[in-house]
Amino acid sequence: MRRLRSVKIVATLGPASNDYATIRALFEAGADVFRLNMSHGTHADIEARHTIIRKVEADLGRPIGILADLQGPKLRVGTFANGEEELVEGAKFRMDLAATPGDATRVQLPHPEIFAALEPGASLLVNDGKIRLVVDDCGKDFANCTVTVGGTISNRKGVNVPDVVLPLAALSEKDRGDLEFACALGVDWLALSFVQRPEDVTEARGLAKGRAAILSKIEKPAAVKAYDAILQVSDGIMVARGDLGVELPVTSVPPIQKRLVRGARAAAKPVIVATQMLESMIESPVPTRAEVSDVATAIYEGADAVMLSAESAAGKYPIEAVTTMHNVALSVEKDPTYRQVIEASRVVRRETIADGIVSAAREIAEATNIKAIACFSQSGQTVSLVARERPRVPIIALTPLMSTARRLALTWGAHCVITEPQERFKGAVISAVKAARADGFAGEEDMIVVTAGVPFNVKGTTNILRVAPCDERLISKVDPE
């Protein structure tokens, strides 16, 4: 099964997409990676979905990526004696550690870490920013505030603290248990929530012990400020626009999205644009024009993947949502303007031999009638470098490791093929042309570019490039062994 697009689609699974038939239909409609949201469902639920995905993968013979999304710390107010209260603009309101039920003047905020970090003038946002408070004065167990945006506050509503870096780890005790469970299960990617600093990513990486790649969710102002350092220690990035739009002015999110995507592209690390991409399709079989434009914008920016959340997890039309996203991608990538935008935003790096090899592979492919670039890769790094070039021709990622193929399901343009381990370059070329013909990328009369590292099966050794005919009879006997 070959996708006729380069951008990948991530679909979240949930109550609306729990069975084999639906998950298989989602994959056939265009989903490349499935997201398991650790905020919802038991470990038994997650394991059942994981098992179904792997069965679909085996039945269809195509590697499928699985992303486990960790919940992160949840900051919430306590309860109210009346269940809810109305806060009026200009009124005074207190948050403290006292466990007594709240009223119109105060409520418990059972997070001493927040009080430790607060300063006068800081903002507290409640219920996804619908209510806004400004701190007048505070101490180790209280914050006296003024209501600047009023509304209804009720039991256990979420609290955001955008103005300070909180002394909270990105991993709660629940997250640590979920991380170990997901890694033991065999997921390919871990999405890390509540990232504020690079040390949060380093901690998760230490716990994962190489069993899954680490994808940092950029959803807090502190993460935007520390983005370059966070990107350096991450394997991938998610632009989590929902929380960004709560903690930052919503008008600042589009330029931030562009900067984050370009930074990840330049670093040759996959980047997902997420949250509310086709939100109306939770209830409607047809998206709004604005939503279609939103998806298209992320694709024009060169994002590796676009993501569906509730649309595929809990919506009425999960398959239609994936189909819509797939069709938008096809339409955008056929547009001549798409290539102009992608190429204008390309960052060319030639700092290493591998950089030079992949850059030359793209230039050769685009200057001649080359049908595909085939990359042999043990770790997936060569494929990521080729994908950073955003070539006009397809990328065939050949690897002997299923784990590598599954992780590359998130990488722009990568069509993954499991191949036998190679010892000699000539055998690798033959395997590449066979894969190109078998999956419909080229015919016998065509040519492809093959990149690899010699010696084989050693990470970071990309050092050879070959323009090869797809007719095996024409592969020279004097080719390097």
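Scroll up to find the structure this text is about.
Now for a quick tour of the structure. Counting restarts for each chain, with residues numbered from 1 along the sequence as it is written. Thresholds applied to this predicted model are a pLDDT of at least 70 for local features of residues and 80 or more for the giving and counting of side-chain atom pairs; totals over whole chains, interfaces and linings are not thresholded and use all residues. Computation of side-chain values covers all heavy atoms of the structure but excludes hydrogens and water.

## Details of the pairing of strand 20 (residues 447–453)
Here is step 1 of the chain: Only protein chains enter the accessibility calculation, which uses a 1.4 Å probe; a residue whose area is less than 20% of its type maximum is buried, one above 50% is exposed, and one in between is partly exposed. Helix and strand assignments come from DSSP, with helices taken as H or I runs of at least 4 residues and strands as E runs of at least 2, each series counted from the N terminus. Burial analysis of strand 20 places 6 of its 7 residues in the buried class, which makes it a mostly covered element.
Here is step 2 of the chain: As paired elements, strand 17 (residues 370–376) and strand 20 share 4 bridges and run parallel to each other. Paired with I373 across the bridge in strand 20 is V449.
Here is step 3 of the chain: At least two bridges found by DSSP between two strands are what make those strands a pair. The sheet contact formed by strand 20 and strand 21 (residues 462–469) spans 7 bridges and is antiparallel. Note on strand 21: the bridge partner recorded for M447 is P469.

## A closer look at the pairing of strand 12 (residues 189–192)
Here is step 1 of the chain: Neither face of strand 12 is open: one carries W189 and A191, the other L190 and L192, and all of them are buried.
Here is step 2 of the chain: The pairing of strand 3 (residues 65–69) with strand 12 spans 3 bridges and is parallel. When the bridges of strand 12 are listed, A68 appears paired with L190.
Here is step 3 of the chain: Sheet topology note: the strand 12/strand 13 (residues 213–218) ladder contains 4 bridges and is parallel. Note that in strand 13 the partner of W189 across the bridge is A213.
Here is step 4 of the chain: Here is how to tell: hold the view so the strands point away, follow the path from the first strand over the helix to the second, and if it runs clockwise the crossover is right-handed. For the segment spanning strand 12, helix 5 (residues 198–208) and strand 13, crossover handedness is right-handed.

## A closer look at the sheet that holds strand 9 (residues 142–149)
Hydrogen bonds between backbone atoms are what pair the strands of a sheet, whose relative direction is either parallel or antiparallel.
Here is step 1 of the chain: The 6 strands lie next to each other as 6-5-9-8-7-11, forming an open sheet whose pairing is mixed. Sheet topology places strand 6 (106–108) and strand 11 (159–160) at the edges, where each strand pairs with a single neighbour.
Here is step 2 of the chain: Where strand 7 (residues 123–126) meets strand 8 (residues 131–139), 4 bridges bridge the pair, whose relative direction is antiparallel. Among the inter-strand pairings, L124 is bridged to a residue of strand 8, identified as L133.

## A few points about the pattern of salt bridges
A side chain of one charge can pair with a side chain of the opposite charge if their charged atoms are brought near each other.
Here is step 1 of the chain: We define a salt bridge as a contact between a side-chain nitrogen of Lys or Arg and a carboxyl oxygen of Asp or Glu at a distance within 4 Å. Under the criterion given, the structure shown has 32 salt bridges.
Here is step 2 of the chain: The closest approach of N and O atoms between D178 and K174, which form a salt bridge, is 2.9 Å. Taken as a pair, D178 and K174 lie in helix 4 (residues 173–185) at a separation of 4 residues, close to a single helical turn.
Here is step 3 of the chain: Residue classification places D178 among the buried residues on the basis of a relative accessible area of 4%.
Here is step 4 of the chain: For K174, a relative accessible area of 36% puts it in the partly exposed group.
Here is step 5 of the chain: With its nearest N and O atoms 2.8 Å apart, the salt bridge here joins D355 to R388. Of this pair, D355 sits in helix 14 (residues 353–367) while R388 sits in helix 15 (residues 381–388); the two residues are 33 residues apart in sequence, bridging distant segments of the chain.

## Digging into the environment of I256
Here is step 1 of the chain: Summarising the element assignment, I256 is placed in helix 9 (residues 253–266).
Here is step 2 of the chain: Here a residue-residue contact requires only that any non-hydrogen atoms of the pair lie within 4.5 Å. The contact partners of I256, leaving out residues within four places of it in the chain, are V224, L244 and L248.

## Observations concerning empty space enclosed by the protein
Vacant regions in the atomic arrangement are exposed by a probe of water-molecule size rolled over the atoms.
Here is step 1 of the chain: In the cavity and pocket records, a cavity denotes points on a 1 Å grid over the protein atoms alone where a 1.4 Å probe fits but cannot get out, a pocket denotes an open set with protein on both sides within 12 Å along at least 5 of 7 lines, and lining residues are residues with an atom within 4 Å of a point. Grid points are joined across faces, edges and corners, and a volume is the space filled by probe spheres set on the points. As enumerated under the stated definition, the model contains 3 cavities of 30 Å³ or more in all.
Here is step 2 of the chain: One number sums up the size of the second largest cavity: a volume of about 50 Å³.
Here is step 3 of the chain: If you go around the second largest cavity, the residues you meet are R265, A268, K269, P270, D304, S384, A387, R388, R390 and T411.
Here is step 4 of the chain: Element by element, the count of residues in the lining of the second largest cavity is highest for helix 15, at 3 residues.

## Topic: unusual backbone geometry
Excluding glycine, most residues fall at negative phi; most peptide bonds, likewise, are trans.
Here is step 1 of the chain: Here the phi dihedral of D128 falls at roughly 60 degrees; this positive angle occurs in a residue that is not glycine.
Here is step 2 of the chain: Here D128 shows up in the loop between strand 7 and strand 8.
Here is step 3 of the chain: Unusually for a residue other than glycine, K209 sits at a positive phi of about 55 degrees.
Here is step 4 of the chain: Locating K209 in the fold gives a position in the loop between helix 5 and strand 13.
Here is step 5 of the chain: For K209, a relative accessible area of 66% translates into the label exposed.

## Quick word on the side chain of T382
Here is step 1 of the chain: By secondary structure assignment, the location of T382 is in helix 15.
Here is step 2 of the chain: Its relative accessible area of 5% is what places T382 among the buried residues.
Here is step 3 of the chain: Polar contacts involving the side chain of T382 include one to the side chain of T462, which spans 2.4 Å.
Here is step 4 of the chain: Contacts of T382, omitting those with residues within four sequence positions, involve V358, C375, F376, S377, T451 and T462. Identification of polar contacts relies on pairs of N or O atoms within 3.5 Å, with a donor-acceptor requirement for protein atoms, meaning one able to donate a hydrogen and the other able to accept it, and with residues adjacent in sequence counted only if both atoms are side-chain atoms.

## Structural notes on the nonpolar core
Here is step 1 of the chain: Throughout this description, the term nonpolar core refers to a set of buried Ala, Val, Leu, Ile, Met, Phe, Trp, Tyr and Cys residues connected via side-chain atoms within 4.5 Å. Judged by nonpolar contacts, the single largest core of 92 residues is most densely connected at F34, L190 and I299.
Here is step 2 of the chain: Leave out the neighbours within four places in its chain, and F34 touches A11, L13, I23, L26, F27, I53, I64, G65, I66 and L67.
Here is step 3 of the chain: V77, L109, V126 and C145 belong to the second-largest nonpolar core, a separate cluster that totals 28 residues.

## What to know about the sheet that holds strand 19 (residues 414–418)
Here is step 1 of the chain: Strand order in the open sheet formed by 5 strands is 19-18-17-20-21, with mixed pairing between adjacent strands. The open sheet terminates on both sides in strands that have one partner only, identified here as strand 19 and strand 21. Across the sheet, the mean angle from the axis of one strand to that of its neighbour is 25 degrees, orientation sign disregarded.
Here is step 2 of the chain: Taken strand by strand, helix 14 contacts strand 17, strand 20 and strand 21, and its axis lies near 20 degrees from that of strand 21.
Here is step 3 of the chain: Those strands touched by helix 15 are strand 17, strand 18 (395–399), strand 19, strand 20 and strand 21, and its axis lies near 145 degrees from that of strand 17. The convention used is that axes are lines fitted to C-alpha atoms, helices contributing only their stretch in contact, and that angles between N-to-C directions extend from 0 to 180 degrees.

## Some thoughts on the packing of helix 14 against helix 15
To characterise two packed helices, one gives the angle between the axes of the helices and the distance between these axes.
Here is step 1 of the chain: For the pair helix 14 and helix 15, interaxial distance at closest approach is 9 Å and the crossing angle is 55 degrees. The orientation of helix 14 relative to helix 15 falls into the category oblique. Note that helix 14 runs across helix 15; the crossing there is right-handed. In this structure, helix 14 uses A354, D355 and V358 to contact helix 15, whose residues at the interface are T382, L385, V386 and R388.
Here is step 2 of the chain: When residues are grouped by polarity, Ala, Val, Leu, Ile, Met, Phe, Trp, Tyr, Cys and Pro land in nonpolar, Asp, Glu, Lys and Arg in charged, and all others, Gly among them, in polar. When its residues are assigned to classes, the contact of helix 14 with helix 15 shows 4 nonpolar, 1 polar and 2 charged. Roughly parallel refers to an angle under 35 degrees, roughly antiparallel to one over 145, roughly perpendicular to one between 65 and 115, and oblique to any angle outside these ranges. Here a crossing is called left-handed whenever its near helix is offset anticlockwise from the far helix by less than a right angle, and right-handed whenever the offset is clockwise.

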